[in-house]
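# Architecture at a glance
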Amino acid sequence: MTPQPVDNDLWAGLPTLENPPGEDDAAPEVWEDPIPLTGRRERPPFPAHVLPAWLGEYVAAVAQETQTPVDLAGSIALAVLATAAGGRSVVHVRGNWREPTNLYTVVALPPANRKSAVFTLLTNPLYEAEKQLKTAMKPVIVEAELTARLAKEAADKAAVKAASADGDKRDDMVATAVGLAQTADTLTVPAEPVLLADDSTPETVTSLMAEQGGRLSVMSAEGGIFDIIAGRYSGAPNMEVFLKGHAGDRLRVNRQTRREYIDAPALTIGLAVQPDVLRDIGKVKGFEGRGLLARFLYSLPVSTVGEREIITDPVPEQTAGTYTARVIDLTLSLAEWTDPAVIQLTPEADAALIAYQERIEPQLKARGGKLGHISNWAGKLAGATARMAALLHLAEHGGNGYAHPVTEDTMRAAIVLGDYYTAHALAVFDVMGADPVLSRARSVLEALRDNGWEDVSRRDVFSVLSRSEVKTVADLEPALALLEDHGYLRSYQPERTGKRGRPPAPRLAAHPSLRHGGR
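These notes cover the structure that comes with them. (Residues numbered from 1 in each chain as written. Predicted model: local features only at pLDDT ≥ 70, side-chain atom pairs only at ≥ 80, totals over all residues. Heavy atoms only, no water.)

## A look at the packing of helix α3 (residues 70-85) against helix α14 (residues 408-432)
- Between α3 and α14, the shortest axis-to-axis distance is 13 Å and the interhelical angle comes to 120 degrees. The angle between the axes of α3 and α14 places the two elements in the oblique class. Crossing geometry of α3 relative to α14 is assigned as left-handed. Contacts between α3 and α14 involve D71, S75 and L78 on the former and, on the latter, L417, Y420, Y421 and H424.
- The class makeup of the residues in the contact of α3 with α14 is four nonpolar, two polar and one charged. (Axes fitted to C-alpha atoms, helices over the stretch in contact; angles between N-to-C directions. Helix = DSSP H or I, 4+ residues; strand = E, 2+ residues; numbered from the N terminus. Parallel < 35°, antiparallel > 145°, perpendicular 65-115°, else oblique. Left-handed = near helix turned anticlockwise from the far one by under 90°. Contact = heavy atoms within 4.5 Å. Nonpolar A, V, L, I, M, F, W, Y, C, P; charged D, E, K, R; others polar.)

## Observations concerning the environment of G248
- Tracing the chain through its elements places G248 in the loop between α8 (240-247) and β6 (251-254).
- When its relative accessible area of 24% is taken as the criterion, G248 is described as partly exposed.
- The spacing of G248 and P265 is 17 residues in sequence and 4.9 Å in space, taken between C-alpha atoms.
- Those residues within four positions of G248 in sequence are excluded, and the remaining contacts are D263, A264 and P265. (Buried < 20%, exposed > 50% of the residue type's maximum accessible area, 1.4 Å probe, protein only.)

## Quick word on the pairing of strand β13 (residues 507-510)
- The pairing of strand β11 (residues 455-456) with β13 spans two bridges and is antiparallel. Considered in β13, the bridge of V456 is made with L508.
- In the sheet, strand β12 (residues 489-492) pairs with β13 via four bridges, with the strands oriented antiparallel. For S491, the partnering residue across the bridge sits in β13 and is L508. (Pairing = 2+ DSSP bridges.)

## Thoughts on unusual backbone geometry
- Backbone geometry places Q67, a non-glycine residue, at a positive phi of 55 degrees.
- Following the sequence through the fold, Q67 ends up in the loop between α2 (53-66) and α3.
- Of note, the phi angle at R114 is positive, near 60 degrees, even though the residue is not glycine.
- Along the chain, R114 falls in the loop between β3 (104-108) and α4 (115-164).
- Note on R114: relative accessible area 38%, which makes it partly exposed.

## Looking at the environment of T385
- Relative to the helices and strands, T385 is located in helix α13 (residues 381-397).
- Among the residues examined, T385 registers a relative accessible area of 0% and is labelled buried.
- Along the sequence, T385 and D419 sit 34 residues apart, while their C-alpha atoms lie 9.3 Å from each other.
- Those residues in contact with T385 that lie beyond four places of it in its chain are L353, Y356, M411, A414, I415 and G418.

## A short note on the sheet that holds β11
- Spatially, β11-β13-β12 is the arrangement adopted by the three strands of the open sheet, whose pairing is antiparallel. Two strands close off the open sheet at either side, each with one partner strand: β11 and β12.
- On the sheet, helix α17 (residues 473-485) packs against β12 and β13 and is oriented at approximately 110 degrees with respect to β12.

## Comments concerning the pairing of β3
- Taking burial as the measure, the five residues of β3 include five buried ones, the bulk of the element.
- Alternating positions in β3 separate into two faces, Y104, V106 and A108 on one and T105 and V107 on the other, with burial throughout.
- Sheet topology places β3 next to strand β8 (residues 266-273); five bridges connect them, and they run parallel. The partner of V106 across the bridge, within β8, is L271.
- Pairing of β3 with strand β9 (residues 297-299) involves three bridges; the strand directions are parallel. Looking across to β9, one finds that V106 is bridged to Y298.

## Some remarks on the side chain of D71
- Position of D71 relative to the elements: it lies in helix α3.
- Among buried charged residues, D71 stands out as having no salt bridge; its nearest opposite-charge side chain is R43, 8.5 Å away.
- Sequence-distant contacts of D71, that is, excluding residues within four places in its chain, are made with P44, P45, F46, V107, S299, P301, Y420 and H424. (Lys, Arg positive; Asp, Glu negative; His and termini not counted. Salt bridge = Lys/Arg side-chain N within 4 Å of Asp/Glu carboxyl O.)

Following this line, the structure appears as structure tokens:
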């Protein structure tokens, strides 16, 4: 992660070397429990109420039956919609700005949170839709295979006859054989429809997308796909298809063993992983720098383990039946589109999105911006919001949603989702160490615990930290202020030991828990 300058307003009024407390201040004798460094990010619950009624009801019912955070079912539901519509629809925002309707979502929950059960309940209709697509395509594939085989046999026979022909007949027969061979070469056999893949290699994902007209979805209740992208099998990160598959950029593979061209790839990813996976992927070389991490919508809900009801109400049959029918209908109605269906915005919806962009933009500032340290991610937020608006629109209107523009209400619902994912992204990037101030504060805490200091000078703290992380004492100030704000430290002014000379520099008193192994 690239360190970003600190928001100076955040530290205004706190004691620093330049702004020490009064000389009468003293180190406190009584300490309150410190606030955990990761405990201040507010992570709102998933706003299921903004989903279309049939979808919101199912998401809430699944969460109730499985006793899981609604965030889990909610984020998977968005990935399900993106699987149904991705690669077959785009949203026209304004001018030349179009967004595909595929999404990357990831929910992080500890073990024993029934991630697999929720995944099964949400994705079952997609597998049923895939089965129906395969059944419908089977006779087409059989006919195409037979036609291609007969054409090849006719071309081969004509070539044999042309090879043994004499005189004037030879030229005509050669021309006939060439024509039959060219005809046979143009005949292709459609691939069996595939909507979903699991933790596939980048090469497999690319090949499947090429076969499927550019679209595919990777859905998994595990995080193995990140290990694969990082190079589990190849020894080096291979993320090209995952970068271009999100953006819709042309993808071309030219190798000795295969050549594959995808003009408008649309890859959807829906994952449920353990929190440690997010911490680990933040350390993978290239993931942040090349923008892979910026493409995901993150959800980090509070686990319900330990507070779950034992006997719960099952998902009502009517609610489940409606969900299944709507997902299958949306998937099948868009499956045959080659040129994507274009979804338009009403002027009011566009105005709402413009207002949202105007609200976000100042937050991206490197100096003082709330989202400055995750600007790579936040810079894609408006586009992700437009995508979610289109998906909510299609969920409401079905496959003929292109005949109606996205309304202002739908756009505002997508903006609520955008705010939700922003709050959770801030928490997730904290886990990944994206915020340099937070990272330095954690390093200071480790140093205080390791040395058991009761009080200490800033210079002493600085002396035990890595210069690659903290280059100057001034770089340390924001981290110390953050720790003081959380109650781990207290800056105080020592008494003068004499009447002449400069007053002693302010010192830091450490929370007693740091000297006794507390956290």
